[in-house]
Each structure stands twice: as structure tokens, then as C-alpha cells.
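Residue-level structural notes
This is what each chain is made of:
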Amino acid sequence: MSESSTLKSQTETWIERGQASVMNTYNRFPVALKRGAGCQMWDVDGKRYLDFLSGIAVNSLGHGHEKLVSALNAQMADLMHCSNLYWIPAQIELAELLVKNSPFDKAFFCNSGAEAVESALKLARKYGKTKHNATRTKVIAMTNSFHGRTYGAMTLTGQAKYQADFTPLVPDVIHVPFNDFVALQAAMTPEICAIILEPIQGEGGIQPADPAYLKQVRTLCDAQDIVLIFDEVQTGIGRTGKLFSFQHAGVQPDVIALAKGLGGGFPIGAMLAVDKVAAAFQPGDHASTFGGNPMACTAGKIVLEALLQDGLLSHAAEMGTYLQMRLQELQQQFPAIQNVRGLGLMQGIELNQPVADIVKECLENGLLLVGAGANVIRFVPPLTVGKVEIDEALQILSNLLRRR
């Protein structure tokens, strides 16, 4: 054996170092990614990948977006962190943008989607107790949902596989089947303070809510003064071709949880609420040391400006339509594809077989994808993706399906 054949690649070296020092909480792909540009990424050995994962719907502006990089560099030179004991101009500007372009009145900033969901859970329970009585503490969530890994968010998640080893869970959470209004009505009691759902279940297999169902839920919440919470951590901020996914159905929640694409790659979460519900929170009820820091809020401003002022929202809608059309064409070619579903640039294809090996083969051929449940492949590219990248990605997938 030659000396060169025994040398480890940079990827192998980084994996060994990671396995020795990083906690084992992910089944990681054997790739160490180093840099990105637009919809492309490169690993430490220089191999190119087409990114249709975007950090799981996070890198909304793609990689290395010039305005985002420039704004973060400038903000970093001015001020990276400031306590929420003081007013933070970038935070106020981002809150104004979100409120101006939504039906909500107030914003609370945090660092992640799970934190945004936890904030919404606390706000709903506080509202229920103060507006009604101390027994209004129960929350209805949906089966097959996913809301995060912290205890409250994990309890709301309607998938036992995420909860099995971590019981006991947070009390007073009830799960009912998604898109089943009869089951929801049957679960109603005077103790219900909130209903939470995803307009499109992401980890649950890219399952959209029926618009008629959402309207029924909204009417029910209005009649009983129940807080309606939409978890748009993955579906929000342009991902479905509109700023918020609920706009497709014309149904407005009282509270919304946002994160992922809001910072374009910089960690930020947000919980927005209408005044009636937001007023339940008083100083000391909730807080976040790093939430709404100048860096994160600067990133959020750049993302929203790109969506609302630079035409990215209409581009995402156009590319979402094109991606779905191309996926439907694949469905006609390959009987293994049972269904194509989603909105905008959040699409999924359901196969008649597990998709883990297909996702792995796509990786080996330079395409980054991820599953959404055992039999669904998820497509969540940067919102800046173009037809050329979509065609290239689906050609890679098509070639692999043809060989199976």
C-alpha cells in the first residue's frame, strides 16, 4: 500500500475530531462543510454540493449574501450585544417591520424556534389565567406535529419517538388528529387556553392543513376566547411563497412562532401576538439574555427587506411553483413517487419506500436533501434558488431513481 493511500482526507480527520469531542446527538452525514455561495456549498476537501436543505429552511438568502454579510460586519464593529434592560434600535426596527407587515401588534425576540414556541405557550397560559380563571391551563396540539426539543415544545410535539425517554412531560397537553375538526371539538373543555398547530407539518411529512379546517378552528377559538397559535418556525418568512403560510388560507392566528429563515443563517427566534393577548405579559414574566440582540436583529432586517423590497418574495413564489411542477413531472416518470405536496419552496415527495438511502445517495452525488419522516424527501432550498439549480437538483435525483 502506498503512503498516499494511507493518508486521511480532511473530512475523515474532522469527523474523528468531532466524534472525540462533540456530544452524540445527531446521526451526522460523513461530510464536513466549510463554505458556501448562493445555493452551493463545498466541503473541507473541496467537493461541491447543491444545497436544497439550506440548514433545514434556515439560509433563506443562500450562502454569502452580500448585503447580509456587509450589514453583519458593520453591526459587529458597532455593537454585538446589549442587554434588554436597554432599548436596542435594531430590535425596534425589526419589530416595526414584522408588525407593519402582519396582523400582529407586538414582538418578543429569542434565539430559536423552540424558544419561540415556549414563549407562546407561556403567554397563552398567562392569558387564560388572567382573562378567565386559574383552571384555564390546557393546550390542544396535533398528532404528528413537531414543535422543538425543549420540554414544553417537546410535550406539544405529537410524536412519541421524541418523548419516550424523557417523561414525565409538561402537564395539561392534549393531542388530537391533525385536520380533524370533529376530534378537536370532542377534546374541548372549559380548561382549554390554547390550540397550537403548524399550517404545514414539516417533520410530520410536509402535510398542509386544510384551509377549511383552519377556518373552523379560528371560529371555535373566537367563540370561546381560546388563543390560536400557529407554529411557523419552518413555514414563515417567505418559505411558502408568502411572508406567512397562514396567508394562503386567509386565517389569522392570535400568536405566531417564527425562527429559522428569519435571520438568514444567524440565530434568531420571534413570537408575535395581537395586543389583546400580548398584554398578558408584564415585566418579569418572560425574558431572554441574547434574544433580540443587535446582530440577530440586523440579520432579520436584511432578510425582511430582501423579501419585501427587493422582490425576493415574488421570486420565491415563482420558484416554488416551478419546483412543484418539476416534482410532479418526476412523479409521472417514477411510480415509486406516491405524492407531491407542499407550498412554495417547502415541498415534499412521498415514496413507497424509506428514503434514507436515497438521501444518502444524493449526498454522494453532490445534492443536499433531508427526509421528513421515513418515506418523504423534503425540498427547502434557499429562497434565492433559480431554475438552473432546480433543474440540476432534480436531474441528480432522477438519475438515482432511474437506477433503483
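The structure this text deals with has already been given above.
These remarks concern the structure in this document. Chains are numbered independently. Their residues run from 1 in the order of the written sequence. Per-residue local features are limited, in this predicted model, to residues with pLDDT of at least 70; the limit for side-chain atom pairs, both in listing and counting, is 80 or more; totals at the level of whole chains, interfaces and linings are taken over all residues. Excluded from the side-chain calculations are hydrogens and water; all other atoms, namely the structure's heavy atoms, are used.

Turning our attention to the overall build of the chain. Helix numbering and strand numbering both begin at the N terminus, where a helix is a DSSP run of H or I of at least 4 residues and a strand a DSSP run of E of at least 2. For the chain, the count of helices and strands is 14 helices and 17 strands. Along the three orthogonal principal directions, the C-alpha set of the chain runs to about 75 × 55 × 45 Å. Out of the 404 residues in the chain, the part that is buried amounts to 52%. Excluding contacts between residues fewer than 6 apart, the proportion of contacts in the chain whose partners are at least 24 apart in sequence is 71%. Every accessible area reported is derived by Shrake-Rupley at a probe size of 1.4 Å, with residue values counting cover from the shown protein chains alone. Accessible surface computed for the chain: about 18,300 Å², of which carbon and sulfur atoms make up 54%. Charge assignment in this entry is limited to Lys and Arg as positive and Asp and Glu as negative, and neither His nor the chain termini are counted. By convention, charge coordinates are those of NZ in Lys, CZ in Arg, CG in Asp, or CD in Glu. For the chain, the separation between the mean place of its 34 positive charges and that of its 38 negative charges on side chains is 1 Å. Burial classes: relative accessible area under 20% of the type maximum marks a residue as buried, over 50% as exposed, and values in between as partly exposed (1.4 Å probe, protein chains only). Whether two residues are in contact is decided by their heavy atoms: any pair within 4.5 Å suffices.

In spatial order, the strands read β1-β2-β3-β15; together these 4 strands make up an open sheet with mixed pairing. Unpaired on one side and paired on the other, β1 (33–37) and β15 (367–368) mark the two borders of the sheet. Only C-alpha atoms enter the line fits that serve as axes; for helices the fit covers just the stretch in contact. Angles between N-to-C directions range over 0 to 180 degrees. Helix-sheet contacts for helix α14 (residues 387–403) involve β3 (48–51) and β15, and the interaxial angle to β3 is about 110°. A pair of strands is labelled paired if DSSP reports no fewer than 2 bridges between them.

All right, on to the nonpolar core then. Core analysis: the biggest nonpolar cluster contains 116 residues, and Leu184, Ile195 and Phe379 have the highest contact counts within it. Ranked by residue count, the leading element in this core is helix α11 (residues 294–308), at 9 residues. If we skip the residues at most four places from it in the chain, Phe379 touches Phe52, Leu323, Leu327, Leu345, Met346, Gln347, Ile349, Leu369, Leu394 and Leu397. Put simply, a nonpolar core is a bunch of buried Ala, Val, Leu, Ile, Met, Phe, Trp, Tyr and Cys residues held in one set by side-chain atoms that sit within 4.5 Å of each other. Core analysis: the next-biggest nonpolar cluster, separate from the first, contains 7 residues, Ile200, Met346, Ala372 and Val380 among them.

Right, let's get into the pattern of salt bridges. One side-chain nitrogen of Lys or Arg within 4 Å of one carboxyl oxygen of Asp or Glu is enough to make a salt bridge. With the rule as written, the count across this model stands at 15 salt bridges. Where Glu329 meets Arg326, a salt bridge forms, and the shortest distance between an N and an O atom there is 2.9 Å. Here Glu329 and its partner Arg326 are both found in helix α12 (residues 312–333), 3 residues apart, which amounts to about one turn of the helix. Overall, the relative accessible area of 34% leaves Glu329 in the partly exposed class. Residue Glu350 pairs with Arg341 through a salt bridge whose shortest N-O separation is 2.7 Å. With a relative accessible area of 26%, Glu350 lands in the partly exposed category. Here Arg341 falls in the buried class, since its relative accessible area comes to 11%. Each of Lys131, Asp225 and Lys276 takes part in one network of salt bridges that share partners.

Here we have 7 strands laid out as an open sheet, ordered β4-β12-β11-β10-β7-β5-β6, and mixed in their pairing. What marks the edges here is a single partner per strand, and that holds for β4 (106–110) and β6 (173–176). Neighbour-to-neighbour, the strand axes of the sheet open up by a mean angle of 20°, direction not taken into account. Pairing of strand β5 (residues 138–142) with β6 involves 4 bridges; the strand directions are parallel.

With that settled, consider the pairing of strand β2 (residues 40–43). Each regular strand displays side chains that alternate between the two surfaces of the sheet. Sheet analysis places β1 next to β2, joined by 4 bridges and oriented antiparallel. From the neighbouring strand, Gly36 faces β2, where its bridge partner is Met41. In sequence, β1 turns back onto β2 through a hairpin of 2 residues, with Gly38 there showing a positive phi of about 65°. Note that β2 and β3 share 3 bridges and pair antiparallel. In the strand pairing of β3, Met41 is matched with Tyr49. Between β2 and β3, which pair antiparallel one after the other, the connecting turn spans 4 residues, and Gly46 there sits at a positive phi close to 90°.

Linking two cysteines covalently via their sulfur atoms produces the bond known as a disulfide. Any two cysteine sulfur atoms lying within 2.5 Å of each other are counted as a disulfide. With the rule as written, the count across this model stands at 0 disulfides. Of all cysteine sulfurs in the structure, the one in Cys221 sits closest to Cys193, which takes part in no disulfide; the separation is 10 Å. With no disulfide of its own, Cys362 has Cys39 as its nearest cysteine by sulfur position, at a separation of 16 Å. The exposure class assigned to Cys362 is buried, which follows from its relative accessible area of 0%.

A few words on the environment of Asp391. Along the chain, Asp391 turns up in helix α14. You can call Asp391 partly exposed: its relative accessible area is 28%. For the pair Asp391 and Ile226, spaced 165 residues apart in sequence, the C-alpha to C-alpha distance is 45 Å. Residues in contact with Asp391, not counting those within four places in the same chain, are Tyr322 and Arg326. A distance of 2.5 Å separates polar atoms of two side chains, one belonging to Asp391 and the other to Arg326. Residues adjacent in sequence count toward polar contacts only when both atoms are side-chain atoms; beyond that, a polar contact is any pair of N or O atoms within 3.5 Å, and within protein one must be able to donate a hydrogen and the other to accept it.

On to the packing of helix α5 (residues 89–100) against α11. Each pair of packed helices can be described by the angle between their axes along with the distance between the axes. Contact geometry of α5 with α11 gives a least axis separation of 8 Å together with a crossing angle of 35°. Handedness of the crossing formed by α5 with α11: left-handed. Contacts between α5 and α11 involve Ala90, Gln91, Glu93, Leu94, Leu97 and Leu98 from the former and Pro294, Cys297, Thr298, Gly300, Lys301, Leu304 and Glu305 from the latter. Class assignment for the residues of the contact of α5 with α11 results in 7 nonpolar, 3 polar and 3 charged. By definition, turning the near helix anticlockwise from the far helix through less than a right angle yields a left-handed crossing, and turning it clockwise yields a right-handed one. Gly falls in the polar group here, along with every residue not listed as nonpolar (Ala, Val, Leu, Ile, Met, Phe, Trp, Tyr, Cys, Pro) or charged (Asp, Glu, Lys, Arg).

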